Amino acid sequence: MITSPFTFFATGGSIARLGAEPVFGEIEHDTFNLDPDWLRGYLADCSATQIKSIRAIIPIHLFGHSADMEAINQIAAAYEIRVIEDAAQAIGAEFQGRRAGSLGWCAAFSFFPSKNLGGLGDGGLITTDDPELADNLRLWRFHGGGGGYSHRYVGMNSRLDTLQAAALLVKLEHLDEWTHRRRENADEYHHHLPALLGNRVTLPVEREHCKHVYNQFTVRVRNRDAVRSRLSEAGIGSAVYYPIPLHLQECFAYLGHRKGGLPVSEAATEEVLALPIEAGLTTQDIRAVCEALARAVDHDQPNL
Ligand SMILES: Cc1ncc(COP(=O)(O)O)c(C=O)c1O
(Lines give C-alpha, C1' and ligand atoms only; values in the text may rest on other atoms or scores of the structure.)
Protein backbone atom coordinates (compact mmCIF):
# COMPACT_ATOMS: atom_id res chain seq x y z
CA MET A 1 0.00 0.00 0.00
CA ILE A 2 1.32 3.40 -0.97
CA THR A 3 1.29 6.35 1.42
CA SER A 4 3.41 9.27 2.53
CA PRO A 5 6.06 9.07 5.27
CA PHE A 6 5.26 12.53 6.60
CA THR A 7 2.33 11.59 8.81
CA PHE A 8 1.44 10.23 12.21
CA PHE A 9 2.74 6.72 12.77
CA ALA A 10 -0.72 5.11 12.58
CA THR A 11 -0.93 5.52 8.79
CA GLY A 12 2.11 3.34 8.18
CA GLY A 13 1.60 1.18 11.25
CA SER A 14 -1.87 0.09 10.19
CA ILE A 15 -0.53 -1.03 6.80
CA ALA A 16 2.25 -3.08 8.38
CA ARG A 17 -0.06 -4.64 10.95
CA LEU A 18 -2.20 -6.02 8.12
CA GLY A 19 0.88 -7.87 6.91
CA ALA A 20 1.12 -5.53 3.92
CA GLU A 21 4.22 -3.61 2.91
CA PRO A 22 4.12 0.17 3.25
CA VAL A 23 5.50 1.98 0.20
CA PHE A 24 6.47 5.48 1.31
CA GLY A 25 6.32 8.15 -1.37
CA GLU A 26 7.35 11.77 -1.62
CA ILE A 27 5.25 14.76 -0.54
CA GLU A 28 4.52 18.18 -2.01
CA HIS A 29 6.58 20.97 -0.49
CA ASP A 30 3.65 23.34 0.09
CA THR A 31 0.79 21.09 1.28
CA PHE A 32 2.89 18.29 2.86
CA ASN A 33 0.59 15.78 1.11
CA LEU A 34 1.40 12.82 -1.15
CA ASP A 35 2.83 14.18 -4.40
CA PRO A 36 0.83 12.99 -7.43
CA ASP A 37 3.88 13.49 -9.67
CA TRP A 38 5.90 11.14 -7.49
CA LEU A 39 3.00 8.65 -7.54
CA ARG A 40 2.70 8.79 -11.33
CA GLY A 41 6.44 8.21 -11.73
CA TYR A 42 6.54 5.39 -9.20
CA LEU A 43 3.66 3.50 -10.80
CA ALA A 44 5.04 4.03 -14.30
CA ASP A 45 8.20 2.19 -13.19
CA CYS A 46 6.31 -0.79 -11.69
CA SER A 47 5.91 -4.07 -13.56
CA ALA A 48 2.40 -5.44 -14.19
CA THR A 49 2.94 -7.97 -11.36
CA GLN A 50 3.99 -5.23 -8.95
CA ILE A 51 0.95 -3.15 -9.86
CA LYS A 52 -1.32 -6.14 -9.12
CA SER A 53 0.21 -6.40 -5.65
CA ILE A 54 -0.61 -2.78 -4.75
CA ARG A 55 -3.83 -2.97 -2.79
CA ALA A 56 -4.42 0.71 -2.05
CA ILE A 57 -3.13 4.25 -2.16
CA ILE A 58 -3.59 6.11 1.14
CA PRO A 59 -3.33 9.89 0.76
CA ILE A 60 -3.39 11.81 4.04
CA HIS A 61 -5.16 15.15 4.28
CA LEU A 62 -2.40 16.38 6.53
CA PHE A 63 -3.01 19.17 9.03
CA GLY A 64 -6.54 19.58 7.63
CA HIS A 65 -5.71 20.34 3.97
CA SER A 66 -6.95 17.88 1.38
CA ALA A 67 -4.50 15.97 -0.76
CA ASP A 68 -4.81 16.54 -4.53
CA MET A 69 -7.61 14.02 -4.84
CA GLU A 70 -8.40 14.79 -8.48
CA ALA A 71 -4.91 13.80 -9.60
CA ILE A 72 -4.58 10.90 -7.15
CA ASN A 73 -7.98 9.43 -8.07
CA GLN A 74 -7.18 9.73 -11.79
CA ILE A 75 -3.84 7.95 -11.39
CA ALA A 76 -5.38 5.27 -9.15
CA ALA A 77 -8.23 4.66 -11.61
CA ALA A 78 -5.76 4.21 -14.49
CA TYR A 79 -4.13 1.35 -12.54
CA GLU A 80 -7.36 0.07 -10.93
CA ILE A 81 -6.02 0.70 -7.42
CA ARG A 82 -8.33 1.70 -4.59
CA VAL A 83 -7.93 4.99 -2.72
CA ILE A 84 -8.36 5.10 1.05
CA GLU A 85 -8.32 8.59 2.57
CA ASP A 86 -6.60 9.17 5.88
CA ALA A 87 -8.92 11.98 6.96
CA ALA A 88 -7.93 11.77 10.65
CA GLN A 89 -7.00 15.46 10.74
CA ALA A 90 -9.46 16.73 8.17
CA ILE A 91 -13.04 16.59 9.40
CA GLY A 92 -14.94 19.31 7.50
CA ALA A 93 -12.14 19.91 4.97
CA GLU A 94 -13.20 20.22 1.33
CA PHE A 95 -11.76 19.51 -2.08
CA GLN A 96 -13.58 20.91 -5.12
CA GLY A 97 -16.70 21.41 -3.00
CA ARG A 98 -16.72 17.86 -1.63
CA ARG A 99 -15.93 16.89 1.90
CA ALA A 100 -12.87 14.94 2.93
CA GLY A 101 -14.08 11.41 3.58
CA SER A 102 -16.24 11.32 0.43
CA LEU A 103 -13.37 11.49 -2.06
CA GLY A 104 -12.07 7.92 -2.15
CA TRP A 105 -13.32 4.36 -1.73
CA CYS A 106 -13.42 4.88 2.03
CA ALA A 107 -11.89 7.13 4.65
CA ALA A 108 -10.80 6.99 8.27
CA PHE A 109 -11.41 9.81 10.76
CA SER A 110 -10.00 10.14 14.27
CA PHE A 111 -11.70 11.52 17.34
CA PHE A 112 -8.50 11.61 19.40
CA PRO A 113 -8.86 14.62 21.75
CA SER A 114 -6.43 16.81 19.77
CA LYS A 115 -8.52 16.53 16.61
CA ASN A 116 -10.96 19.25 15.47
CA LEU A 117 -13.76 16.99 16.68
CA GLY A 118 -12.12 15.36 19.66
CA GLY A 119 -13.73 12.95 22.09
CA LEU A 120 -12.93 12.30 25.73
CA GLY A 121 -10.50 9.57 24.70
CA ASP A 122 -9.91 7.41 21.66
CA GLY A 123 -12.45 6.94 18.93
CA GLY A 124 -12.86 7.08 15.19
CA LEU A 125 -15.12 6.64 12.20
CA ILE A 126 -14.95 5.12 8.73
CA THR A 127 -16.95 6.51 5.82
CA THR A 128 -17.66 4.75 2.53
CA ASP A 129 -20.29 4.77 -0.21
CA ASP A 130 -19.70 1.08 -0.92
CA PRO A 131 -22.56 -0.85 0.77
CA GLU A 132 -20.70 -4.16 0.68
CA LEU A 133 -17.66 -2.66 2.39
CA ALA A 134 -19.93 -0.95 4.94
CA ASP A 135 -21.55 -4.29 5.80
CA ASN A 136 -18.16 -5.95 6.15
CA LEU A 137 -16.81 -3.16 8.34
CA ARG A 138 -19.83 -3.48 10.64
CA LEU A 139 -18.90 -7.13 11.10
CA TRP A 140 -15.17 -6.45 11.57
CA ARG A 141 -15.75 -3.89 14.30
CA PHE A 142 -17.83 -6.39 16.29
CA HIS A 143 -15.49 -9.38 16.47
CA GLY A 144 -16.30 -10.30 12.88
CA GLY A 145 -19.89 -11.18 13.67
CA GLY A 146 -23.26 -9.53 13.29
CA GLY A 147 -24.32 -9.91 16.91
CA GLY A 148 -25.32 -13.19 18.45
CA TYR A 149 -22.54 -15.74 18.56
CA SER A 150 -21.74 -16.54 14.94
CA HIS A 151 -18.58 -15.04 13.45
CA ARG A 152 -17.78 -14.76 9.77
CA TYR A 153 -14.31 -13.28 10.42
CA VAL A 154 -11.85 -13.11 13.28
CA GLY A 155 -12.62 -9.44 13.72
CA MET A 156 -11.89 -6.99 16.49
CA ASN A 157 -13.63 -4.95 19.15
CA SER A 158 -13.64 -1.56 17.46
CA ARG A 159 -16.97 -0.07 18.33
CA LEU A 160 -17.20 3.59 19.28
CA ASP A 161 -18.16 3.39 22.93
CA THR A 162 -21.35 5.07 24.06
CA LEU A 163 -19.65 7.57 26.34
CA GLN A 164 -17.48 8.85 23.47
CA ALA A 165 -20.45 8.93 21.11
CA ALA A 166 -22.48 10.97 23.62
CA ALA A 167 -19.69 13.55 24.03
CA LEU A 168 -19.04 13.70 20.29
CA LEU A 169 -22.72 14.28 19.49
CA VAL A 170 -22.73 17.31 21.77
CA LYS A 171 -19.47 18.65 20.31
CA LEU A 172 -20.55 17.96 16.71
CA GLU A 173 -23.13 20.77 17.05
CA HIS A 174 -20.21 23.21 17.47
CA LEU A 175 -17.85 21.82 14.84
CA ASP A 176 -18.72 24.31 12.07
CA GLU A 177 -18.30 27.27 14.42
CA TRP A 178 -14.97 25.92 15.71
CA THR A 179 -13.74 25.34 12.18
CA HIS A 180 -14.74 28.89 11.31
CA ARG A 181 -12.76 30.19 14.31
CA ARG A 182 -9.68 28.14 13.35
CA ARG A 183 -9.88 29.62 9.85
CA GLU A 184 -10.17 33.13 11.28
CA ASN A 185 -7.09 32.49 13.42
CA ALA A 186 -5.26 31.27 10.32
CA ASP A 187 -6.25 34.50 8.51
CA GLU A 188 -4.82 36.47 11.43
CA TYR A 189 -1.49 34.65 11.10
CA HIS A 190 -1.52 35.22 7.34
CA HIS A 191 -2.14 38.91 7.97
CA HIS A 192 0.62 39.50 10.55
CA LEU A 193 3.46 37.05 9.94
CA PRO A 194 4.54 38.21 6.45
CA ALA A 195 4.77 41.80 7.71
CA LEU A 196 6.87 40.73 10.70
CA LEU A 197 9.05 38.06 9.14
CA GLY A 198 8.87 38.31 5.34
CA ASN A 199 10.35 35.22 3.74
CA ARG A 200 11.98 34.05 6.98
CA VAL A 201 8.79 32.12 7.67
CA THR A 202 6.83 29.97 5.20
CA LEU A 203 3.12 29.87 5.88
CA PRO A 204 0.72 27.03 5.10
CA VAL A 205 -1.14 27.27 1.80
CA GLU A 206 -4.80 26.81 1.02
CA ARG A 207 -5.04 25.73 -2.58
CA GLU A 208 -7.81 26.89 -4.89
CA HIS A 209 -10.93 24.71 -4.55
CA CYS A 210 -9.76 23.52 -1.12
CA LYS A 211 -11.07 24.33 2.33
CA HIS A 212 -8.38 23.98 4.99
CA VAL A 213 -9.67 23.19 8.49
CA TYR A 214 -6.34 23.84 10.24
CA ASN A 215 -6.11 20.95 12.65
CA GLN A 216 -2.58 22.34 12.71
CA PHE A 217 -1.23 25.68 11.55
CA THR A 218 2.20 24.55 10.42
CA VAL A 219 4.86 27.02 9.37
CA ARG A 220 8.40 26.31 8.19
CA VAL A 221 11.36 28.12 9.76
CA ARG A 222 15.12 27.71 9.74
CA ASN A 223 16.73 26.72 13.07
CA ARG A 224 13.35 25.35 14.05
CA ASP A 225 14.42 23.78 17.34
CA ALA A 226 16.08 26.99 18.60
CA VAL A 227 13.03 29.02 17.57
CA ARG A 228 10.80 26.56 19.36
CA SER A 229 12.77 26.79 22.62
CA ARG A 230 12.58 30.59 22.50
CA LEU A 231 8.82 30.41 22.00
CA SER A 232 8.60 28.08 24.94
CA GLU A 233 10.65 30.52 27.09
CA ALA A 234 8.10 33.16 26.13
CA GLY A 235 5.36 30.86 27.44
CA ILE A 236 4.05 29.86 24.01
CA GLY A 237 3.43 26.22 23.23
CA SER A 238 4.24 24.82 19.82
CA ALA A 239 4.74 21.34 18.45
CA VAL A 240 6.67 19.45 15.80
CA TYR A 241 4.55 17.20 13.64
CA TYR A 242 6.61 15.17 12.65
CA PRO A 243 10.29 15.03 13.59
CA ILE A 244 11.06 11.65 11.99
CA PRO A 245 9.62 10.52 8.64
CA LEU A 246 8.16 7.02 8.72
CA HIS A 247 10.59 5.62 6.13
CA LEU A 248 13.45 6.34 8.58
CA GLN A 249 11.75 4.85 11.65
CA GLU A 250 13.60 1.95 13.20
CA CYS A 251 10.62 -0.40 12.84
CA PHE A 252 10.62 0.16 9.05
CA ALA A 253 14.37 -0.35 8.61
CA TYR A 254 13.57 -3.64 6.84
CA LEU A 255 12.24 -1.61 3.90
CA GLY A 256 15.81 -0.50 3.20
CA HIS A 257 15.32 3.28 3.03
CA ARG A 258 18.33 5.55 3.50
CA LYS A 259 18.52 9.17 4.62
CA GLY A 260 18.25 11.39 1.56
CA GLY A 261 15.89 9.01 -0.27
CA LEU A 262 12.81 11.23 0.14
CA PRO A 263 14.35 14.70 0.47
CA VAL A 264 11.17 16.81 0.50
CA SER A 265 9.70 14.74 3.34
CA GLU A 266 12.98 14.77 5.23
CA ALA A 267 13.41 18.55 4.90
CA ALA A 268 9.88 19.04 6.25
CA THR A 269 10.74 17.10 9.42
CA GLU A 270 13.53 19.62 10.11
CA GLU A 271 11.60 22.81 9.43
CA VAL A 272 7.98 22.41 10.50
CA LEU A 273 6.56 24.11 13.55
CA ALA A 274 2.89 23.98 14.52
CA LEU A 275 1.62 27.18 16.16
CA PRO A 276 -1.44 27.53 18.42
CA ILE A 277 -4.63 27.63 16.33
CA GLU A 278 -7.42 26.36 18.64
CA ALA A 279 -10.87 27.85 18.23
CA GLY A 280 -10.78 29.40 21.72
CA LEU A 281 -7.82 31.70 20.97
CA THR A 282 -8.54 35.39 20.43
CA THR A 283 -7.08 37.70 17.80
CA GLN A 284 -4.91 39.20 20.57
CA ASP A 285 -3.59 35.74 21.42
CA ILE A 286 -2.63 35.12 17.80
CA ARG A 287 -0.97 38.53 17.56
CA ALA A 288 1.03 37.75 20.70
CA VAL A 289 2.18 34.45 19.14
CA CYS A 290 3.19 36.30 15.95
CA GLU A 291 5.23 38.84 17.89
CA ALA A 292 6.90 36.15 20.01
CA LEU A 293 7.70 34.15 16.86
CA ALA A 294 9.18 37.25 15.23
CA ARG A 295 11.40 37.84 18.28
CA ALA A 296 12.43 34.17 18.33
CA VAL A 297 13.32 34.14 14.61
CA ASP A 298 15.06 37.55 14.80
CA HIS A 299 17.32 36.20 17.51
CA ASP A 300 18.85 33.66 15.11
CA GLN A 301 18.32 35.31 11.78
CA PRO A 302 18.45 39.09 12.14
CA ASN A 303 16.88 40.72 9.12
CA LEU A 304 19.90 42.76 8.00
C1 LIG B 1 -2.83 11.44 10.07
C2 LIG B 1 -3.31 10.52 11.15
N3 LIG B 1 -3.63 9.26 10.81
C4 LIG B 1 -4.09 8.39 11.72
C5 LIG B 1 -4.24 8.75 13.04
C6 LIG B 1 -4.71 7.71 14.02
O7 LIG B 1 -5.85 8.06 14.66
P8 LIG B 1 -6.19 7.39 16.07
O9 LIG B 1 -5.19 7.92 17.04
O10 LIG B 1 -7.58 7.86 16.36
O11 LIG B 1 -6.08 5.93 15.89
C12 LIG B 1 -3.93 10.04 13.45
C13 LIG B 1 -4.09 10.44 14.86
O14 LIG B 1 -3.31 11.12 15.45
C15 LIG B 1 -3.44 10.96 12.47
O16 LIG B 1 -3.11 12.21 12.81
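Residues numbered from 1 in each chain as written. Predicted model: local features only at pLDDT ≥ 70, side-chain atom pairs only at ≥ 80, totals over all residues. Heavy atoms only, no water.

**Structural notes on helix α9 (residues 263-271)**
Formally: Residue exposure (1.4 Å probe, protein chains only): buried if accessible area is under 20% of the type maximum, exposed if over 50%, otherwise partly exposed. Secondary structure elements follow DSSP: runs of H or I of four or more residues count as helices, runs of E of two or more count as strands, with numbering from the N terminus. Working definition: the arc comes from the directions between the helix axis and the C-beta atoms, pointing outward to the latter. Here, residues are in contact when the closest pair of their heavy atoms is within 4.5 Å.
Residues of α9 that are buried: Ser265, Glu266, Ala268 and Thr269. Along the axis of α9, the buried positions cluster into a sector of 155°, meaning they face one direction only. Residues of α9 that are buried in the fold lie against β10 (217-220), α8 (224-233) and β11 (272-275).

**A closer look at the domain arrangement of the chain**
We apply this condition: Each domain span listed reflects an automatic or database assignment of domains. Throughout, buried area stands for the accessible area (probe radius 1.4 Å) lost by two parts on being put together, summed over both. Here, a salt bridge means any side-chain nitrogen of Lys or Arg that lies within 4 Å of a carboxyl oxygen of Asp or Glu.
Assigned domains within the chain: domain 1 (2-161) and domain 2 (176-300). Using only C-alpha atoms to locate each centre, domain 1 and domain 2 end up separated by 24 Å. Listed by partner, the interface residues are 38 residues for domain 1 and 33 residues for domain 2. Overall, the association of domain 1 and domain 2 removes approximately 3100 Å² of surface from exposure, summing both partners, and the carbon and sulfur fraction of that is 62%. Our count for the contact surface shared by domain 1 and domain 2 stands at 2 salt bridges. When the shortest N-O distance is used, the salt bridge between Asp30 and Arg207 registers 2.9 Å. For the side of domain 1 that touches domain 2, the secondary structure elements donating two or more residues are α1 (9-17) and β5 (94-95). By residue number, the principal contributor to the side of domain 1 that touches domain 2 is α1, which donates 4 residues.

**Quick look at the environment of Val240**
Its location among the elements puts Val240 in the loop between α8 and α9. Residue Val240 is classed as buried on the basis of its relative accessible area of 17%. Sequence separation between Val240 and Thr218 is 22 residues; the distance between their C-alpha atoms is 8.7 Å. Setting aside chain neighbours within four positions, we find Val240 in contact with Arg224, Arg228, Thr269, Val272 and Leu273.

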